[in-house]
Every structure is written in structure tokens, then in C-alpha cells.
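Working through the structure, step by step
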Amino acid sequence: MSNFEKKFGKYAIRNISLVLILFYACGYLISWINPVMLNYLTLNPYAILFKGQVWRLVTWLIVPPESFDFFTLIMLYFYYSIGTSLERAWGTYRYNVYLLLGMVFTAVGAFAMMGFVYLFQGEVLVAVGAENYFTLISGMFSTYYVNMSIFLAFAATFPDMQVLLFFFIPIKVKFLGIIYGLILVYNFIAGYGNPYLTAANRFVIAASLLNFAVFFFTSRGRIHMSPKQMKRRQEFKREVKNSSKITRHKCAVCGRTEETNPELEFRFCSKCDGNYEYCQEHLFTHVHVKHNS
């Protein structure tokens, strides 16, 4: 990905987790003002292909996956926290690519599901009508499983980090990831009582989590990171960034600059041979530099 990052990294959206939460805020606002309007924003492949409602390819991102309550606020804050941690660990570009893949795979999954229904479950379209059927299941293609893929990636990257389950039970993230993975497998196999909804749900789960599968198998065990490793990485990046800055003043004795110590004053010494600059602490105490002629 390094070559692509060099070309397209400048287009990556910083703090994209906050952007997603703002999308949800717009969705909740719409649901309070005019709930029916959300039906025109979902990822409905039938409406996109046969009614020209192409805006649905994007607007489904603002449709909230669940109703708003106090626990929703907690979950949004939780996903913001883990998303920010992943962005810091992976870098903004790679985290953007991960989310973008999840969204693209979800959209592709919606159209793949539509093709499957037309080929193998045409009787349901005859019974209830194609438009009604795809309107019914379009809400299933939401960002819910995309958010879950963020959690799985977090669990794979920081397996030993502890969180408080139900606010008081300490548990390692990797165990929560395993439990959730088993729940997903069960939901995929068991499905709904209605076979037509079961097929759609399986497409939703498979498509939305395909980005995690790509991430996991391409990483090949190199993704684990402890909180201490993450902290050291951030400190190293800050040191590299500070050392790469061009400074106007630098003490010839202690090496301090106006960037590292903005409170200091710097002066050139007229008694030294050459352009030697010193901070206020070493201006009168340094050994004068003399070149032999």
C-alpha cells in the first residue's frame, strides 16, 4: 500500500471516526423531523437501478443502525475511541482504506443479493412485488456490521487491552472479539425464520465483514500491538517530526533550538571564528572557537 499511500495519502480524511458520528447525528435528526424520509436514503439496489435514485449509494451511510437512547451515546463514544486508536496505530490513510473497503463491499453485497434473489428466489418477488421486497430489506444494509468490523480490527490489533464489560467486569478485548465472532457465525448459519430474509442477512454479514477478512489475512500476524507499543510509536513520530523541522536558531553547545525551548534567547558570538550561535545560558560561558591560520 506504500505506493498508493504516496499518491493518495493526502486525500485521507483525518479523524474520520468523528465524521461518521456526525453522519449519524444527521440521520437521527432526520428521523426525528421526518422518519419517512429515511426510507429514501437506504441502500436499496432496486431503487438505484430501476428508479435512478443514485444518491442512495452514499446516503445510506447516515441512516442510523438503531434507535437513539442513552446506550447509543455510549456505543458511539466507544466506537469513536477505538476508531481513533486504530487511526493512530495504522495511520490515517490505512484506516480510511479499511473503512472505505467495508462500505464498498456492503454496497456490492446489496447488488449481489439482488442478483441472487432474481435468480433463485423469484417467487418472493412475484408474491410481494420486487419494489416492496427490496424496500423491506434495504434497511438491513446499514453501517452496523461495518462498525462491528472496526471492533474486530481493534481486537486483532490490541488483543491484550482490557475494557470494562458492563462497566465493572475487566476483560481482554480479544475475548470479546472471539465471542462476537462466534455470534456472527451463529447468526450467519441460523438466520431468520423466513428463508428470504435469511439470504439477505447472510449477504449483509458477509459483505460488511469482508474488509476485516482482507485485513486479517493480508496482515499475516503482524498486526498485534500493545498499548505501550502504540505510545512508543506516537512518541517516536513526534520526535521525528520535531527533528525534521528547520530551525533558525540552535545553540552550538547544548543543541537546543527555538522549537524545543521557545523561552530561550539566541545570539551569535563576535569573538568566535565563524557563525556560531549560542543560547543565553552558554553565550558568555562557552569556549571561543578559533581557527588556526
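What about the overall build of the protein?
When helices and strands are tallied, the protein shows 13 helices and 4 strands. For the protein, the proportion of contacts with a sequence separation of at least 24, taken over those separated by at least 6, is 62%. For the protein, the accessible surface area stands at approximately 18,000 Å², while carbon and sulfur atoms represent 64% of it.

Digging into the nonpolar core
With 51 residues, the main nonpolar core has L86, W90, Y133 and F134 as its most contacted residues. Listed in part, the 8 residues of the second largest apolar core include F266, C269, Y278 and L283.

What about the environment of F50?
Position of F50 among the secondary structure elements: in helix α3 (residues 45–51). According to the relative accessible area criterion, F50 is exposed, its value standing at 53%. When the C-alpha positions of F50 and E131 are compared, they lie 9.5 Å apart, and in sequence the two are 81 residues distant. If we skip the residues at most four places from it in the chain, F50 touches M114 and Y118.

Considering the confidence of the model for the protein
Parts of the model with low pLDDT should not have their predicted coordinates read in detail. This prediction gives the protein a mean pLDDT of 83; 88% of its residues lie at or above 70. Mean pLDDT per element in the protein: helix α13 (residues 227–243) is the minimum at 54, and α3 is the maximum at 95.

A short note on the pattern of salt bridges
This structure, assessed with the given rule, holds 4 salt bridges. The partner of E131 in a salt bridge is K51, with the nearest N and O atoms 2.3 Å apart. Of this pair, E131 sits in helix α8 (residues 130–137) while K51 sits in helix α3, and the two are 80 residues apart along the sequence. Ionic pairing is found between D160 and K172, a salt bridge with its closest N-O pair at 3.9 Å. A residue pair is termed long-range when its members are at least 10 positions apart, and D160 in the loop between α9 (144–157) and β1 (162–165) and K172 in strand β2 (residues 169–172) qualify at 12 residues. Overall, the relative accessible area of 30% leaves K172 in the partly exposed class.

Some points on helix α11 (residues 195–208)
In an α-helix, one turn spans 3.6 residues; hence positions three or four apart end up facing the same way. A rise of 1.5 Å per residue sets the reference length of α11, with its 14 residues, at 20 Å; its end C-alpha atoms lie 20 Å apart and thus fit the reference within 8%. Within α11 the residues assigned to the buried category are T198, A199, A200, N201, V204, I205, A207 and S208.

Side note on the packing of α8 against α11
Two numbers describe how α8 lies on α11: the axes approach to 11 Å, and their chain directions differ by 55 degrees. Taken together, the axis directions place α8 and α11 in an arrangement best described as oblique. In terms of crossing hand, the pair formed by α8 and α11 is right-handed. When α8 is examined against α11, the residues Y133, L136 and I137 are found in contact with a partner set consisting of Y196, L197 and A200. Among the residues forming the contact of α8 with α11, the class breakdown is 6 nonpolar, no polar and no charged.

Cut-offs used in this document
- Residues numbered from 1 in each chain as written.
- Predicted model: local features only at pLDDT ≥ 70, side-chain atom pairs only at ≥ 80, totals over all residues.
- Heavy atoms only, no water.
- Helix = DSSP H or I, 4+ residues; strand = E, 2+ residues; numbered from the N terminus.
- Contact = heavy atoms within 4.5 Å.
- Areas by Shrake-Rupley, 256 points an atom, 1.4 Å probe, with all protein chains shown as cover.
- Core = buried A, V, L, I, M, F, W, Y, C linked by side-chain atoms within 4.5 Å.
- Buried < 20%, exposed > 50% of the residue type's maximum accessible area, 1.4 Å probe, protein only.
- pLDDT = per-residue confidence, 0-100.
- Salt bridge = Lys/Arg side-chain N within 4 Å of Asp/Glu carboxyl O.
- Expected span 1.5 Å × (residues − 1).
- Axes fitted to C-alpha atoms, helices over the stretch in contact; angles between N-to-C directions.
- Parallel < 35°, antiparallel > 145°, perpendicular 65-115°, else oblique.
- Left-handed = near helix turned anticlockwise from the far one by under 90°.
- Nonpolar A, V, L, I, M, F, W, Y, C, P; charged D, E, K, R; others polar.

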